[in-house]
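Descriptive structure summary
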Amino acid sequence: MNIENDRISGRQLGRMVFYDFFGLTTLVLPGYLARRAGMDGFFCLVLGFFAGYLFLLAVLAQMKRMRTDFPTYLSQRFGKVLTAVLLLCYLLTALFGAAYGLRMLADVIRKYLIRDTSMWLILGVLTVLAVYGLSAGLECRGRLYEVVFWFVALPLLILFFLSMFNVEPEGWLPVFAAEGGALAEGSYVVFALLMSVAFLPMLSEDVAKGADVPHVLKVSFVFSMCLNLALFLLLAGIFRTPTMAVMEEPALTLTAMVKVPGGFFERQDALLCGIWFVSVFAFVENALYYGVYCTRKICKRKEAGFFLFGAGLLVYVLALAMHGSPAFLDALARWYLRAAVPLLVTVTLLACILPAWCGREKGIAKTAGGEEGAA
């Protein structure tokens, strides 16, 4: 473990970003995929995560090629003006992700934990906690989520184990019944919820030297993928996909249904819901960190300072607007799916392709010059 050196270890990095791949996906995807594709939602998960893993490999190749911070790396390929525009797009995407996660977390807390509490108050408390957590620094957050990881993973695995005894395999039928369009759309939404992968290069300068970053990130991604697939099978085998389709958060409904033997916990559902409280809150913190990072780089400042409080206030207002206007949320979601995701993927792919293409062009020019000299 790194002590007071403003850097996090590879293991801390892997466990911190695990929540980006697990929190929202396990809350949002089971119900959505059951509505859109039925049992074939399982194959949407497989295809979406496979595409996400390929995208992760491209981002890791990008990080391996980086010899400086992320904005400088982008400016070497796209120029300073276009890099500033791209950082603004990254900023808007990160703020949308943080606000969406914050709204969902507040809604879940209000529904399952503290009912009859004003949404503006819950959102305000969560925003203050997120800003305070970020003000402690990345190293502190890395240590915290390294410790919290097993308090999330172990209860989750216990939940899965107890749920297995209620599964009816008949619920996994029929398969291959969804249309191709539904399968493609569901797979794309799965892939879109994994776009935090595109922000990983922003963390590269804060990781300790010698850390095996590719390995820990691949393990975190694959582990979250396996959890998502297992959860979908459990939910489909217990509730059946038609019932899942009308549930808002099937995973949280599962926590209330499963009973711990012996009756040791009176509110074991609240305890198990804590798995998602922690995971989604970590996702919000990470997204807010990326937003502050982009703001600092655009304004060329080293310290977060006022930017952190400004980003927190903006995310709070945006989350409150999402809660108050479903139409506004739908409009932002469409913008994210149709514009933000393709842009993030395109930037990553171009950043990987351009150096190879430029090297090829230089090689061709050098070869041509050598042939002319020989002639």
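This structure is a prediction, so every number in the text was calculated from the model and none was measured. (Residues numbered from 1 in each chain as written. Predicted model: local features only at pLDDT ≥ 70, side-chain atom pairs only at ≥ 80, totals over all residues. Heavy atoms only, no water.)

Each neighbour pair has its own omega, and for Leu173 with Pro174 the value is 0°, a cis peptide bond. Its location among the elements puts Pro174 in the loop between α6 (138–163) and α7 (180–192). Positive phi outside glycine occurs at Phe176, with the angle close to 55°. Structurally, the position occupied by Phe176 is in the loop between α6 and α7. Not every positive phi belongs to a glycine, and Arg240 is a case in point at roughly 70°. (Helix = DSSP H or I, 4+ residues; strand = E, 2+ residues; numbered from the N terminus.)

Turning to the pattern of salt bridges, a few remarks are in order. If the charged atoms of two oppositely charged side chains come close together, the side chains can form a pair. All told, the structure shown has nine salt bridges when counted by the stated rule. One salt bridge in this structure joins Lys111 and Asp107, with 3.8 Å as the shortest N-O distance. Placement of both Lys111 and Asp107 in helix α4 (residues 80–112) is noted, with a separation of four residues, approximately one turn of the helix. Classification of Lys111 by relative accessible area gives partly exposed; the value is 27%. Connected through shared salt-bridge partners, Asp107, Lys111, Glu248 and Glu249 make up one network. (Salt bridge = Lys/Arg side-chain N within 4 Å of Asp/Glu carboxyl O. Buried < 20%, exposed > 50% of the residue type's maximum accessible area, 1.4 Å probe, protein only.)

Between helix α1 (residues 10–37) and helix α2 (residues 41–65), the least distance of the axes is 9 Å, while the angle of their chain directions is 135°. With respect to each other, α1 and α2 are oriented oblique. As α1 runs across α2, the sense of the crossing is right-handed. Two secondary-structure elements touch here, α1 through Phe21, Leu29, Leu33 and Ala37 and α2 through Gly41, Cys44, Leu45 and Phe49. Here the residues of the contact of α1 with α2 are counted per class, giving seven nonpolar, one polar and no charged. (Axes fitted to C-alpha atoms, helices over the stretch in contact; angles between N-to-C directions. Parallel < 35°, antiparallel > 145°, perpendicular 65-115°, else oblique. Left-handed = near helix turned anticlockwise from the far one by under 90°. Contact = heavy atoms within 4.5 Å. Nonpolar A, V, L, I, M, F, W, Y, C, P; charged D, E, K, R; others polar.)

This paragraph deals with the packing of aromatic side chains. For the structure shown, the criterion picks out 21 aromatic pairs. Summarising the aromatic geometry, the rings of Tyr19 and Tyr145 are spaced 5.4 Å apart at their centres and angled 55° between planes, so their arrangement reads as tilted. With Tyr19 in helix α1 and Tyr145 in helix α6, this pair connects stretches of sequence that are 126 residues apart. On the basis of relative accessible area, Tyr145 is assigned to the buried category, the value being 3%. Centre to centre, the rings of Phe55 and Phe191 are 5.9 Å apart; their planes meet at 70°, and the pair counts as edge-to-face. In this pair, Phe55 is assigned in helix α2 and Phe191 in helix α7, connecting sequence segments 136 residues apart. Classification of Phe191 as buried rests on a relative accessible area of 12%. (Phe/Tyr/Trp six-rings, centres within 6.5 Å; stacked < 30°, edge-to-face > 60°.)

Judged by nonpolar contacts, the single largest core of 129 residues is most densely connected at Tyr90, Leu200, Leu203, Trp276 and Tyr290. In contact with Tyr290, other than residues within four places in its own chain, are Val17, Asp20, Ala94, Phe199, Leu200, Met202 and Leu203. (Core = buried A, V, L, I, M, F, W, Y, C linked by side-chain atoms within 4.5 Å.)

Further remarks concern the environment of Glu285. Within the secondary structure layout, Glu285 lies in helix α11 (residues 268–299). On a C-alpha basis, the gap between Glu285 and Gly312 in space is 9.9 Å, while along the polypeptide they are 27 residues apart. A distance of 2.7 Å separates polar atoms of two side chains, one belonging to Glu285 and the other to Tyr145. (Polar contact = N/O pair within 3.5 Å; in protein donor to acceptor, adjacent residues only side chain to side chain.)

Together, Leu88, Leu92, Ile298 and Trp335 line one region of the surface with nonpolar side chains, adding up to about 330 Å² of accessible area. For Trp335, a relative accessible area of 34% puts it in the partly exposed group. (Patch = residues over 30% accessible without salt bridge, like charges linked within 9 Å, V, L, I, M, F, W, Y side chains within 5 Å. Areas by Shrake-Rupley, 256 points an atom, 1.4 Å probe, with all protein chains shown as cover.)

This part takes up the confidence of the model for the chain. Predicted confidence across the chain gives a mean pLDDT of 86, with 89% of residues reaching 70 or more. When pLDDT is averaged over each element of the chain, α7 comes out on top at 95 and helix α13 (residues 326–374) at the bottom at 74. Within the model, pLDDT remains below 50 along residues 360–375, and this stretch shows zero contacts once partners closer than five positions in the same chain are excluded. (pLDDT = per-residue confidence, 0-100.)

Time to look at the side chain of Thr117. With respect to the element layout, Thr117 can be found in the loop between α4 and α5 (119–135). Overall, the relative accessible area of 19% leaves Thr117 in the buried class. At 3.3 Å, the side chain of Thr117 forms a polar contact with the backbone oxygen of Ile114. Those residues in contact with Thr117 that sit more than four places away from it in its chain are Arg110 and Ile122.

Orientation of α1 relative to α6, taken along the N-to-C sense of each, is 60°, at an axis distance of 8 Å. By the angle between their axes, α1 is oblique relative to α6. Here α1 and α6 pass one another in a crossing that is left-handed. Contacts from Arg11, Gln12, Arg15, Met16, Phe18, Tyr19 and Phe22 in α1 reach Leu138, Arg141, Gly142, Arg143, Tyr145, Glu146, Val148, Phe149, Trp150, Val152 and Leu156 in α6.

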